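Inside the fold
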Amino acid sequence: MCHKIKSYYIHTFGCQSNKADSERIAGDYQARGFVEADDWRECDELVINTCAVRQRAEDRARGFLHNVGLYFEEQQKPRPKIILTGCMIHHGDRKLQEMMPAVDEVLPIGEVGFNQTAIRKDKKHAFIPISTGCNSFCTFCIVPYSRGREKSRSMNEILDEVALLIDQGYEEITLLGMNVNSWGLEKLGIGFRKLMMSHQEFTREDLPDNQSQYLRPKKTPPFVKLLQAISKFDQIKVIRFMTSNPWDFHDELIAEIGLNKKIDRYVHLPVQSGSNSVLYRMNRGYKREDYLRVVQKLRAADPKIVIGTDIIVGFPGETEAEFEETVSLAKEVDWQIAFVAIYSPRPGTASDRIYEDDVPHHEKRRRWQILEDLINQKHLSHRPVVV
Ligand code: SF4
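For clarity, every value in this text was computed on a predicted model and none was experimentally measured.

Procedures and definitions
Residues numbered from 1 in each chain as written. Predicted model: local features only at pLDDT ≥ 70, side-chain atom pairs only at ≥ 80, totals over all residues. Heavy atoms only, no water. Helix = DSSP H or I, 4+ residues; strand = E, 2+ residues; numbered from the N terminus. Rg over C-alpha atoms; globule rule 2.2 N^0.38 Å. Buried < 20%, exposed > 50% of the residue type's maximum accessible area, 1.4 Å probe, protein only. Contact = heavy atoms within 4.5 Å. Areas by Shrake-Rupley, 256 points an atom, 1.4 Å probe, with all protein chains shown as cover. Near = heavy atom within 4 Å. Nonpolar A, V, L, I, M, F, W, Y, C, P; charged D, E, K, R; others polar. Pairing = 2+ DSSP bridges. Axes fitted to C-alpha atoms, helices over the stretch in contact; angles between N-to-C directions. Parallel < 35°, antiparallel > 145°, perpendicular 65-115°, else oblique. Left-handed = near helix turned anticlockwise from the far one by under 90°. Core = buried A, V, L, I, M, F, W, Y, C linked by side-chain atoms within 4.5 Å.

From N to C terminus, the protein chain includes 13 helices and 13 strands. For 387 residues, the compact-globule estimate of 2.2 N^0.38 gives 21 Å, and the protein chain sits close to it at 22 Å. Its C-alpha atoms give the protein chain principal-axis dimensions of about 70 × 55 × 45 Å. The buried share among the 387 residues of the protein chain stands at 55%. For the protein chain, restricting intrachain contacts to residue pairs at least 6 apart in sequence, the fraction spanning at least 24 positions comes to 79%. Put simply, the protein chain shows about 18300 Å² of open surface, and 52% of that area lies on carbon and sulfur atoms.

What follows is the structure, given as structure tokens:
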């Protein structure tokens, strides 16, 4: 009797965390005897790993699914089993079923597991997830609801994976988490998330500060210890990490980056806005001055450090004067690269529930263009390598 070997294909949207999750989903398939198909048209099971950071990202996943459906209809072939995972699962099974009836199964991200072997295409550089979820409550962000509470992976598990990668010849790694500097410091509470999941009304004042969701390190922060432990492996030549947040970028971490030259000189430090009133509405947990202090300390630790950022333009209520504060911060910091996003309300986020999306689209585009020219066009010829 001849058994046909089943095949899978994973289509990934979004950020590095999604790509790292897809590598582990591939590992799970291969452990179950599946082989990777070269094309989604040829597979038995198709995983769509989705991003929900902006409406456009969700639209792209839905568009892809639509094309898949059309193709199999036209070819009059049975379509593969379709499995949906990633950040769009925050909509919940019922809504997803309405939005995308062709989906056969929903795979919660947490079920992939840290310790599932990753199947990596890149043979030189490897992503290593060190935490999942996020305990912060930035008002614009869907991650705390799609990925759940933050959970740090243990030091031993991470070091075992580094050792395995060294055996395979890897020399460059990127440690991944939504907030890597808080690794090992997350609190267990459920706090605001419970309120968000309910239909109760709330205001900006009800939101907990992001800092309140983490323990304060008494001595060396755990993330610094992790960097030091990984640096002891001679074979590892470059260590990158993302994402770091300004509110817990501890002095010890800055000192470690300054001294430890295995750590890449590019630091990604999302600011989102240069205006304190917008930062308050975003619940970012720091002020413009705090951000500048971190930048100054980083440059004092090593003038070769290059800094990049994320910015949102057109956040609810953003006035011209508030936007100009972001422009002036861009001039002051001189970021080498910026991922500038136009705000769009994400259903399920706090900002969608408490603010009106009141900046006209043409104005958002104008602000986007100003920052794009000021930061990215200016540094076009010497942009840092961002993995
Ligand atoms: S730190 Fe803020 S922006 Fe980043 S994942 Fe958490 S909630 Fe989202």
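Having seen the model, we can carry on.
Once that is clear, we can look at helix α7 (residues 222–231). Side chains three or four residues apart in an α-helix point the same way, a direct result of the helix having 3.6 residues per turn. Burial analysis of α7 places eight of its 10 residues in the buried class, the great majority of the element. Among the residues of α7, P222, F223, V224, L226, L227, A229, I230 and S231 are the ones counted as buried. The secondary structure elements touched by the buried residues of α7 are α5 (155–167), β9 (172–176), β10 (238–242) and α8 (251–259).

With that out of the way, let us pick up the site of the ligand. In the vicinity of the ligand, the contacting residues are C134, S136, C138, F140, C141, V143, P144, M178, N245, W247 and R284. Grouping the constituent residues of the shell around the ligand by class yields eight nonpolar, two polar and one charged.

Let us now look at the pairing of strand β6 (residues 125–129). Within β6, five of the five residues are buried, which leaves it mostly tucked inside the rest of the structure. Both faces of β6 are covered, namely the face carrying H125, F127 and P129 and the face carrying A126 and I128. Of the pairings in the sheet, the one linking β6 to β9 comprises five bridges and is parallel in character. Residue pairing across strands places P129 opposite L176, the latter belonging to β9.

What follows is about the sheet that holds β10. The pairing of strands in a sheet happens through backbone hydrogen bonds and is either parallel or antiparallel. With respect to topology, three strands assemble into an open sheet ordered β6-β9-β10, the strand pairing being parallel. Edge positions in the sheet fall to β6 and β10, since each has one partner strand and no second. For this sheet the average axis-to-axis angle between neighbouring strands, irrespective of direction, equals 20°. Strand contacts of helix α1 (residues 16–31): β6, β9 and β10, with the helix running at about 95° to β6, the strand carrying the most contacts.

Once that is clear, we can look at the packing of α5 against α7. As a packed pair, α5 and α7 sit with axes 11 Å apart at the nearest point and diverge in direction by 30°. By the criterion of interaxial angle, the relationship of α5 to α7 is roughly parallel. For the pair α5 and α7, the crossing hand works out as right-handed. Facing α5, whose interface residues are M155, I158, L159 and V162, α7 presents K225, L226, A229 and I230. Classifying every residue of the contact of α5 with α7 by side-chain character gives seven nonpolar, no polar and one charged.

Our focus in this paragraph is the nonpolar core. Judged by nonpolar contacts, the single largest core of 65 residues is most densely connected at L175, F223, I230, L298 and W335. A total of six residues in this core trace back to one element, the largest contributor, which is α7. Here L298 is in contact with F249, I254, I257, V267, L269, I305 and I307, once residues within four sequence places are set aside. Within the second largest apolar cluster, 33 residues are counted, among which are F13, C43, I48 and Y145.

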